[in-house]
Structure formats: structure tokens, C-alpha cells
Amino acid sequence: MTTTDGLTAPRPATADTPRRHTRPGLLTVALGLLVVALLPLAVTTDRFLTLDNARAILASTALVGIAAMGATLVMIAGSAVSLAASQTATVVAMVFLAALGQGLVMATLLALLCGVAITVVQGIGVGYWEANPIVLTIAAGFAIGGGAVWFSGGTPVNAASGDYDVLNATPLGLPLAVYVLLLLTVLAQWILRRTTAGRQMYLVGENRAAARAAGLPVGRVTVVAWAFSGLCLAISGVFLAAFNTSATTNLGGTLTLDAIAAVLVGGTAIAGGKGSALRTLGGAVLISVIADILLIRGYPTGVQILAKGVLVLVVVVLVHLRSSRGPR
């Protein structure tokens, strides 16, 4: 792509870019082997192959998957990860519950605006001021957490009305959050593959310096990615609030690490420039399946967390090897 300055920007590996016929990468082979290894475990695990369990897996995937959709765009755009996702979702949940007295629609709008505003500020810091995203979001996490304590006074924030019940609906036996996850996946994939902003995210993530030299709006592209992440975190926070009916300062739990894990297992390069919303959805489902098998087989929570950590570690190593070896 040539800009008005006569410079050529690097082309991202998107669906519109001609691809070479290459052998499957290490990551694809490893994940394929993992799925094959899980099949006998799934078949021999009591109650795993049931409709109720399938619904449980999708339900457990929903909130993490929604947050991971936003994290996918941030990572593809070269902003690494946000370490303040849990705190953001917590504050949004508190705002939503406190504002329910104004009606469900107004409370939801305020919650979404709150989530987007929080992440846009961080996106400005990363995109325009070249702040380190890890350091910035660590600081943001402390600031947002402090804001949550101030807002709640250190006590649980309860719903101002029962209007949230509609968000706990289960059309066709599935939580509403599952359908929202699917819609956000389609939206994120469309943004990445079919819009100028999405293609520019790949360019910026692939080579930030070259993209800036080519005249691409690096700051604006980064802010757009972070704004979408804030929208997704806000939606997760709203559903968390509706499900729990109250919000404490630790409501977000391990959402930050779970969302990052889903994105990485989906094969998105942490350095940016490569990734897919559909793959992130697959990563979130895969993690939920593994956790579900371990849970049904009676393994403690520690083993489940350990398995998730090992899986993420292996994927990160394979992605690094793939990137260092380059295309063949």
C-alpha cells in the first residue's frame, strides 16, 4: 500500500492478502494433536457428552470470550495486553447496578460508556504518547481498583431494581451472553477483515514504526482497538452484575488472565500483526472444555489453573518459534 508520501506500508496477513501454500505451522499441529488427545478423555468422562454439559461449557465460555474479543483487537494492533480488564469489568458492574434505578436501558448505556471511556484513556496513552501498555495498564489497574473501592465504600453494590433479570434469560436453553458472544465474534471478525480500521490494525501491529512512517494514523487505530476492548469489557461487566445481582471489588476475579489465555491459545501473536476473532473463540472454548473435563473428573481448582497455565505457555513458545522462523 502506497501513501501520499510515496512510502510503502507493510501488508498484513489478512484474508485479503494472497497467501503462500505452506505446511501447517507448529501451533496448528500442536493444537490439532491436543484436540485428538482430548477425544478419548471426553468420550470416557461421565456426563461430558450430554446436552446439559455442552450448555455448561458454552455458558462458562461466554463472559471470558466476550472480554477476549476486545483483547484480540488490542493485541493484533500491537498493544500487547491489558492487565486492568478485571478492574474495568468490576467498576462497570458497580455503575450498572447503581444506575438501575434509572431503568435498564439507561443503566446499560452508562455502563458501556464507562467501560469505553476507561479504555480509551489507556488507548490514547499507548497510541499517541507511546506509553508501554504493560506498565500503563498495571498503573491503570491500581487506579481503577481504587476507584471501585471509593465508589462502593468498600461494601457490596446492590441492584437498585430487578430490571437486570432480562439479562439472565436463557433462550433455547442457552444464556443470553452466549448469543452476545457469537454476535461480537462476527462483529470483531468483520472489523478485522472488512474495514479499513481493521486492516490498519494488522499493519500497525506488524511494524509500528513503518506504519507511522507510511503516514498511517497509528494513534487513532490504537484508540479504536482499545475502545472496542472497553465495549467488550463493559458487556462482560454488565452480565457479571446481572448474574451475581451485586458487585464487590473482586467481582472481576481472574477475567484478565482468562481473556489473555483465550486470545493466546487462539494463536494471536502477542507482538501484534497476526490473529483472528474466530480463533480466539476457539481458544476460549478449548480452555473451557479442558477445565470442564478436569472438573467432572474431580480434579481440584489448582490442577485446572495449572493445566491452563501450561497450555498458554506451550502456545506462547510455539507462536514465538513460528515468528522467529518466519514464513516458508
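The preceding data block contains the structure.
Draft legend 1. Geometry of the overall build of the protein chain. Each helix and strand counted, the protein chain has 12 helices and two strands in total. A total of 328 residues make up the protein chain; the buried ones form 47% of that total. Partitioning the intrachain contacts of the protein chain with sequence separation of at least 6 by distance along the chain shows that 80% fall at a separation of at least 24. In the form shown here, the protein chain has an accessible surface area of approximately 15600 Å², with 69% of it arising from carbon and sulfur atoms.

Draft legend 2. Structural detail: empty space enclosed by the protein. Per the counting criterion, the structure on display carries two cavities of 30 Å³ or more. Of the pockets and cavities examined, the largest cavity occupies roughly 110 Å³. Every residue lining the largest cavity is counted, 13 residues in all, and those nearest its centre are Ala 67, Ala 71, Ser 82, Ala 85 and Ser 229. Listed by contribution, the elements that provide at least two residues to the lining of the largest cavity are helix H2 (51–76), helix H9 (218–244) and helix H10 (255–265).

Draft legend 3. Fine view of the environment of Leu 257. Inspection of the secondary structure puts Leu 257 in helix H10. Overall, the relative accessible area of 58% leaves Leu 257 in the exposed class. A C-alpha to C-alpha distance of 7.9 Å links Leu 257 and Leu 83, two positions 174 residues apart in sequence.

Draft legend 4. Molecular detail of the packing of helix H6 (residues 176–194) against H9. Direction vectors running N to C along H6 and H9 enclose 175 degrees, while the axes themselves pass 12 Å from each other. Taken as axis vectors, H6 and H9 run roughly antiparallel relative to one another. For the pair H6 and H9, contact is made by Leu 176, Ala 177, Val 180, Leu 184, Leu 187, Ala 188 and Ile 191 and by Phe 228, Cys 232, Ile 235 and Phe 239, respectively. Taken together, the residues of the contact of H6 with H9 sort by class into 11 nonpolar, no polar and no charged.

Definitions and limits used
Residues numbered from 1 in each chain as written. Predicted model: local features only at pLDDT ≥ 70, side-chain atom pairs only at ≥ 80, totals over all residues. Heavy atoms only, no water. Helix = DSSP H or I, 4+ residues; strand = E, 2+ residues; numbered from the N terminus. Buried < 20%, exposed > 50% of the residue type's maximum accessible area, 1.4 Å probe, protein only. Contact = heavy atoms within 4.5 Å. Areas by Shrake-Rupley, 256 points an atom, 1.4 Å probe, with all protein chains shown as cover. 1 Å grid on protein atoms, 1.4 Å probe; cavity = no way out; pocket = protein on both sides within 12 Å on 5 of 7 lines; lining within 4 Å. Points joined across faces, edges and corners; volume = space filled by probe spheres on them. Axes fitted to C-alpha atoms, helices over the stretch in contact; angles between N-to-C directions. Parallel < 35°, antiparallel > 145°, perpendicular 65-115°, else oblique. Nonpolar A, V, L, I, M, F, W, Y, C, P; charged D, E, K, R; others polar.

Function-wise, these values are silent; they only describe arrangement.
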